[in-house]
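# Architecture at a glance
Below, each chain spelled out in residue letters.
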Amino acid sequence: MPETGDAPPQTQNPAAVALQAKFKQGAALHQQGKFPEAERIYVQILQQQPNHFDALHLLGVIALQTQRTERGIELIRKAIGLNAK
């Protein structure tokens, strides 16, 4: 049985599956400390889906980790705003 919120693979939109795979790649790079590479991927995701909560949040985290505090706060606030809706 699929986890709550997960659609069976045969019903998922191919574009959504590709976006999810791209996000997982970005998250893996982020965990490895490869911030520029992960940041590029998160930006690409946001170009396709501007309100992607996880990409906004983790892009904000990277900004904070790379001493861009104001940008990090801005991105994380935007993500929180999406989550509050």
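Below or above, wherever it landed, is the structure these notes cover. (Residues numbered from 1 in each chain as written. Predicted model: local features only at pLDDT ≥ 70, side-chain atom pairs only at ≥ 80, totals over all residues. Heavy atoms only, no water.)

### As for the packing of aromatic side chains
Across all of its chains, the model carries one aromatic pair by this definition. A centroid spacing of 6.0 Å and a plane angle of 35° characterise the contact between Phe23 and Tyr42, whose relative ring orientation is tilted. Remark: Tyr42 occurs in helix α2 (residues 35-48) and Phe23 occurs in helix α1 (residues 14-31); sequence separation between them is 19 residues. Each member of the pair Phe23 and Tyr42 is classed as buried. (Phe/Tyr/Trp six-rings, centres within 6.5 Å; stacked < 30°, edge-to-face > 60°. Helix = DSSP H or I, 4+ residues; strand = E, 2+ residues; numbered from the N terminus. Buried < 20%, exposed > 50% of the residue type's maximum accessible area, 1.4 Å probe, protein only.)

### Describing the pattern of salt bridges
Per the stated rule, a full pass over the model turns up two salt bridges. Of the charged contacts, one joins Glu39 and Arg68 as a salt bridge, the two residues approaching to 3.0 Å between their closest N and O atoms. Placement of the pair is Glu39 in helix α2 and Arg68 in the loop between α3 (53-65) and α4 (69-84), with a sequence separation of 29 residues. We classify Glu39 as partly exposed; its relative accessible area is 23%. On the accessibility criterion, Arg68 (33% relative accessible area) is partly exposed. Put simply, Glu74 and Arg71 hold a salt bridge, and the shortest N to O gap is 2.8 Å. (Salt bridge = Lys/Arg side-chain N within 4 Å of Asp/Glu carboxyl O.)

Read these as geometric descriptors, not functional statements.
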